[in-house]
Amino acid sequence: MVNSENSASTQGGFEKAGAQAQMRKGVLELCILSILSQGDAYPTEIIDKLKDTKLVVVEGTLYPLLTRLKNTGLLGYRWEESTSGPPRKYYKLTEIGEQYLKELQVSWTELVEAVNKTIELGKKI
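Reference entry: report on the structure contained in this document. These numbers come from a predicted model, not from an experiment. (Residues numbered from 1 in each chain as written. Predicted model: local features only at pLDDT ≥ 70, side-chain atom pairs only at ≥ 80, totals over all residues. Heavy atoms only, no water.)

If you look at soluble globular proteins, the nonpolar side chains tend to sit buried side by side. One finds Ile32, Leu36, Ile46, Leu50 and Leu75 to be the most contacted residues of the largest nonpolar core, which totals 21 residues. By residue number, the principal contributor to this core is helix 1 (residues 16–36), which donates 6 residues. The residues touching Leu36, leaving out its near neighbours within four places in the chain, are Ala41, Ile46, Leu75, Tyr91 and Leu93. (Core = buried A, V, L, I, M, F, W, Y, C linked by side-chain atoms within 4.5 Å. Buried < 20%, exposed > 50% of the residue type's maximum accessible area, 1.4 Å probe, protein only. Helix = DSSP H or I, 4+ residues; strand = E, 2+ residues; numbered from the N terminus. Contact = heavy atoms within 4.5 Å.)

Once that is clear, we can look at the packing of aromatic side chains. Tallying each qualifying case throughout the model produces 3 aromatic pairs. Summarising the aromatic geometry, the rings of Tyr42 and Tyr90 are spaced 5.2 Å apart at their centres and angled 70° between planes, so their arrangement reads as edge-to-face. Of the two residues, Tyr42 is situated in the loop between helix 1 and helix 2 (43–52) and Tyr90 in strand 4 (residues 85–93); the sequence distance between them amounts to 48 residues. Here Tyr42 matches Tyr90 in class, with each residue buried. Geometrically, the ring pair formed by Tyr77 and Tyr91 is tilted, given 6.2 Å between the ring centres and 50° between the ring planes. (Phe/Tyr/Trp six-rings, centres within 6.5 Å; stacked < 30°, edge-to-face > 60°.)

Set out below in structure tokens:
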């Protein structure tokens, strides 16, 4: 029996948009740590840099992630006075965060290679 709810965009209970969102969430931590490896940044700067790469993230997603990364010791922060409003919280990588980022980068490279090989196998069918 064919389930009439299944279509090209919804197969097996997965929607294309949902799958894309899950993939993006999975790499967001790596992207944020990579941005902060270039220097301290406050959340608006992080969001802008992500937007520049077409990875659009809202504050409601970013702030909890920054807090979690800080609480696990991967990030630190400092307050800096602003000429145009309240003080800004600038996040930075800790030494542990730098090591973790290196490990994530290796894992990412291995994952991308494996996925690309798998995709190429699928194209041969």
